[in-house]
Structure formats: structure tokens, C-alpha cells
Amino acid sequence: VYIHIDDVNDNDPNFDGMNPLRHMDETRSGDAFVFNATAEDPDLGEAGRMTYSIIDASDVGRFRIDSDSGAVYGVGGFDYETQKRNFSITIQASDQGDPKLAVQTKRKSEKTVTIFIDDVNDNYPRIQSGVRIDVMENQNPEGYNFPFTDNAEANGVRFEDKDAEANGVFTFAI
């Protein structure tokens, strides 16, 4: 007597091992890889093969997903100083159902992921106004260091660094 037991599509895709918090540098542009969405399904064959989609996003069009691999890409440029600093996307994994059944029952699961844009020191400090500094011959100007933050001014000279937080702090030295 030979008994063959067929696997049925009785498991939902599972995102349990996937971290819901992701980071990407603001300097990534174009179609930049961010992370791989990964869901598991212990069903065999087509019932265990996943396809992925983004079903909800805080900013439509900022991210896309490869439906077969689950690779998530940022679309366009990101700028920490002038744009949003985090985005939420909801990813859906769907199995392919049981091809032996007349009525397909695909099983699905969802995971919301938050992507944080990280600041990068990508802007140079600039002098915003004309400057003339006179130094007397044989005089040592050593020791004149001044820490500045965004849009600082000293002795009529205006400095600017468009980077945020620690990346926007700079030192002017004579």
C-alpha cells in the first residue's frame, strides 16, 4: 500500500524575521537599493513561492519593490535638510496558491516598515559675505578658533553650512 500526502496551501507568508526599521543615507539617489523584504512560507511548490508588492506608502512613488525578489528601492533623491526624514511603507507578500485547485486561494501577509533618512555631511561651509582680514606682519594669529553653527556671524562675516545638527557645525580659524 502506497499513500501519497499532498501539501496544501495552509500557511500564510510570515515576515517575523524582518526588521521593521530601516535606514538609508540621504546621498542615495536614482533607483537606490534600500533593503530586501523577506517573508517565509513553509508550503511547498507554488504555494510557498512569494510575490511582493507595496500596498500603502506615506509618499506614493518614493519607493518601489521588485515583485519577485522583494528588493526595495528608493526612487529619486533624498535630502535630510529639506525633505521628509522618514517614510512608512506597507509591504504585502502573497503566495501563489495551489495550482491543483479550480478556485485559487492565495494567502497573504503584510508588514509595515519605517525607513529613516540619515544625515550625511554633504554640504560645504560657505562664507556668505565679502571678507577682508588684515594680519599684521610678524604677528601670530594662532588661537583664534570659533565654533559656529547654522548661519553664524562673527565680526560682520556671515558663514553658512546647510547640513543639519552635528554635520552643520564648523570651525573658523585664523
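I will try to describe carefully the structure that is included in this document.

Here we look at the overall build of the chain
Then, number 1: What the chain contains, in helices and strands, is zero helices and 12 strands.
Then, number 2: Order of helices (α) and strands (β) in the chain, N terminus to C terminus: β-β-β-β-β-β-β-β-β-β-β-β.
Then, number 3: The burial tally for the chain puts 32% of its 174 residues in the buried class.
Then, number 4: At a minimum sequence separation of 6, the contacts of the chain that also span at least 24 residues come to 70%.
Then, number 5: Accessible area for the chain stands at about 11100 Å²; split by element, carbon and sulfur atoms hold 48% of it.

Things to note about the sheet that holds strand β4 (residues 63-65)
Then, number 1: Pairing in this open sheet of three strands is antiparallel, and the strands run β2-β5-β4 from one edge to the other. The strands lining the two open edges of the sheet, one partner per strand, are β2 (31-36) and β4. Averaged over neighbouring strand pairs, the angle between their axes works out to 30 degrees when direction is ignored.
Then, number 2: Where β4 and strand β5 (residues 71-75) come together, three bridges link them in antiparallel fashion. By the bridge assignment for β5, Phe63 is matched with Gly74.

Section: the sheet that holds strand β1 (residues 21-25)
Then, number 1: Taken in spatial order, the four strands line up as β1-β7-β6-β3 in an open sheet, and their pairing is mixed. In the strand order of this sheet, the two ends are held by β1 and β3 (50-57), each with one partner. Strand-to-strand twist in this sheet, taken as the mean axis angle between neighbours without regard to direction, amounts to 35 degrees.
Then, number 2: Taken together, the nine bridges between strand β6 (residues 86-95) and strand β7 (residues 108-118) define a ladder with antiparallel strand orientation. Following the sheet pairing, Ser88 is matched in β7 by Thr114.

Quick notes on the packing of aromatic side chains
Then, number 1: Under the counting rule described, the total for this entry stands at four aromatic pairs.
Then, number 2: For the ring pair Phe33 and Tyr73, a centre distance of 6.0 Å and an interplane angle of 75 degrees mean the geometry is edge-to-face. With Phe33 in strand β2 and Tyr73 in strand β5, the pair connects residues that are 40 residues apart, well separated along the chain.
Then, number 3: Classification of Phe33 as partly exposed rests on a relative accessible area of 40%.
Then, number 4: Judged by centre distance (5.7 Å) and plane angle (35 degrees), the rings of Phe63 and Phe78 are tilted. Taken together, the positions of Phe63 in strand β4 and Phe78 in the loop between β5 and β6 put the pair 15 residues apart, joining distant regions of the chain.
Then, number 5: For Phe63, a relative accessible area of 9% puts it in the buried group.
Then, number 6: Among the residues examined, Phe78 registers a relative accessible area of 6% and is labelled buried.
Then, number 7: The rings of Phe63, Phe78 and Phe87 are connected pair by pair, giving a single aromatic cluster.
Then, number 8: Over the aromatic face of Tyr80 sits the side chain of Arg85, whose NZ or CZ is 3.9 Å from the ring centroid.

Let's talk about the side chain of Arg62
Then, number 1: Structurally, Arg62 can be placed in the loop between β3 and β4.
Then, number 2: From its side chain, Arg62 meets the backbone oxygen of Gly77 in a polar contact 2.5 Å long.
Then, number 3: Setting aside residues up to four positions removed in sequence, Arg62 forms contacts with Tyr73, Gly74, Val75, Gly76, Gly77, Phe78, Gln83 and Phe87.

Topic: the environment of Asn86
Then, number 1: For Asn86, the position within the fold is in strand β6.
Then, number 2: Given the relative accessible area of 35%, Asn86 is considered partly exposed.
Then, number 3: Each C-alpha atom of the pair Asn86 and His23 lies 8.9 Å from the other, and the pair is 63 residues apart in sequence.
Then, number 4: Once residues within four sequence positions are removed from consideration, Asn86 is found in contact with Thr114, Ile115 and Phe116.

The rules we used
Residues numbered from 1 in each chain as written. Predicted model: local features only at pLDDT ≥ 70, side-chain atom pairs only at ≥ 80, totals over all residues. Heavy atoms only, no water. Helix = DSSP H or I, 4+ residues; strand = E, 2+ residues; numbered from the N terminus. Buried < 20%, exposed > 50% of the residue type's maximum accessible area, 1.4 Å probe, protein only. Contact = heavy atoms within 4.5 Å. Areas by Shrake-Rupley, 256 points an atom, 1.4 Å probe, with all protein chains shown as cover. Pairing = 2+ DSSP bridges. Axes fitted to C-alpha atoms, helices over the stretch in contact; angles between N-to-C directions. Phe/Tyr/Trp six-rings, centres within 6.5 Å; stacked < 30°, edge-to-face > 60°. Lys NZ or Arg CZ within 6 Å of the ring centre and 35° of its normal. Polar contact = N/O pair within 3.5 Å; in protein donor to acceptor, adjacent residues only side chain to side chain.

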